[in-house]
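# Residue-level structure breakdown
Listed below are the residues making up each chain.
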Amino acid sequence: MAVCKKLAISPAMLVLGVESSCDETGLALYDTQRGLLAHALHSQVAMHEEYGGVVPELASRDHIRRAIPLLEQVLQKAGVARGDIDAIAYTQGPGLAGALLVGASIACGLGLALDKPVLGVHHLEGHLLSPLLAKEPPEFPFVALLISGGHTQLMRVDGVGGYELLGETLDDAAGEAFDKSAKLLGLGYPGGPAISRLAEFGDSGVYTLPRPMLHSKDLNFSFSGLKTAVLTVVKNQTTNICEQDKANIARAFVEAIVDVLVAKCLAALKQTGMKRLVIAGGVGANRQLREALNAAAAKRRFKVYYPELEFCTDNGAMIAFAGAMRLQRDPKAAQRDYAFNVRPRWPLDELRRV
Ligand code: KG4
Ligand code: ZN
């Protein structure tokens, strides 16, 4: 795993990261000299699957059960003791209030017990910086497309905390559009990977779906109409929808959303004059999107960077890493005041550059 060069010049610091904003419990240990030492994750997907989406109260209770065993796992994998930890970074928001409270209380309880400082991290900053954990990390500045279950944003990133919002979705997030459309096709939760796999078997051109705001001349998105278009196609089927038809619809959906995402990325690069594009968040794992972006990058001579696949979706490594980056730049960012609060809603551009 890569070590950020800017961090390596400062004294070594071992940061524990705790992620619990939604349906994944993630713990990780990042060392500023040695890189990522260990990370462990428990996904609650199987538990929420039968409800077709995340049940917040079940999510909180499961985080409570999983966090400490995962902590023991990462300590063991990294070969370090609790006392070796220098600081604890936890996801303070945005996310589900109850789920965030579990991570915050565990991080602050550990901090108090070990007499170590704690730091609340913005979940989306974790996603944004996660490509810096890859073997070939991008340099600042870059344009970032943040595409997760709850967010779709184009940002200009000048450094840690230097985020300027260029455009965002006016309604559904890209991941939400994947999940809702997958549900309409009778696929499981989460829908993104399922609809993407099914699309591989579909024929192109059988169905044509809209590409909302493709020509809007700004960098905003809108995906709720695309989901409604999928609903209309499904409802218009006169007979029971067969597997091939489902695959054809999935293909049309993926093509439409990928077209819009790629076009807006190109427009953001043009507007900012930048040549580096970073993709972050769960939808960044999507194969068809990566293929289309790679093709566009080769043609238009820009570079596109992705997080390692395992760090596209929620994880503790990105929180440990984001915390470490902030602490290296501002050691006072972590505190020994263990009276925590969480921020279920927290705009990313409220963060200050460090
Ligand atoms: O970043 P993430 O793990 O959680 C949030 O912070 O929201 O993103 C989860 C979202 C879900 O909507 C999921 O369906 C989507 O990422 N996703 C994908 C893929 N893998 C995950 N969407 C499309 N293709 C994928 N391969
Ligand atoms: Zn996320």
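In case you missed it, the structure is sitting above this.
## Topic: the coordination of the zinc ion (ligand 2)
H123 (NE2), H127 (NE2) and D314 (OD) make up the full set of protein donors to the zinc ion (ligand 2), lying at 2.0 to 2.1 Å. Relative to the metal, the four donor atoms surrounding the zinc ion (ligand 2) lie at angles of 94 to 137°, and the coordination shape comes out irregular. Site description for the zinc ion (ligand 2): donor spacing in sequence, H-x3-H-x186-D. Residue H123 and its partner H127 are both found in helix α5 (residues 123–129); the two are separated by four residues, about one turn of the helix. Here H127 falls in the buried class, since its relative accessible area comes to 1%.

## With respect to helix α6 (residues 174–184)
Listed as buried for α6 are A174, G175, A177, F178, S181 and A182. Buried residues of α6, viewed axially, fall in a sector of 160°; they line one side. Among the structural elements, β6 (142–147), β7 (152–159), α7 (191–199), α8 (224–235) and α9 (243–272) are those in contact with the buried residues of α6.

## Observations concerning the pattern of salt bridges
Overall, the coordinates contain 19 salt bridges when judged by the stated rule. The residue K227 makes a salt bridge to D172 at a minimum N-O spacing of 3.3 Å. One end of the pair, K227, is in helix α8; the other, D172, is in the loop between β8 (162–168) and α6, and 55 residues separate them in sequence. Each member of the pair K227 and D172 is classed as buried.

## Comments concerning the environment of R300
The residue R300 is located in helix α10 (residues 287–300) in this model. In this structure R300 touches L266 and K275, once residues within four positions along its chain are discounted.

## Here's the deal with α7
Within α7, seven of the nine residues are buried, which leaves it mostly tucked inside the rest of the structure. The inward-facing, buried residues of α7 abut α6, α9 and α10.

The rules behind the values
Residues numbered from 1 in each chain as written. Chains lettered and ligands numbered in written order. Predicted model: local features only at pLDDT ≥ 70, side-chain atom pairs only at ≥ 80, totals over all residues. Heavy atoms only, no water. Donors = N, O, S within 2.8 Å, 3.2 Å for Na, K, Ca; no water. Tetrahedral: all angles 85-135°; square planar, octahedral: opposite > 155°, others 65-115°. Helix = DSSP H or I, 4+ residues; strand = E, 2+ residues; numbered from the N terminus. Buried < 20%, exposed > 50% of the residue type's maximum accessible area, 1.4 Å probe, protein only. Arc of directions from axis to C-beta. Contact = heavy atoms within 4.5 Å. Salt bridge = Lys/Arg side-chain N within 4 Å of Asp/Glu carboxyl O.

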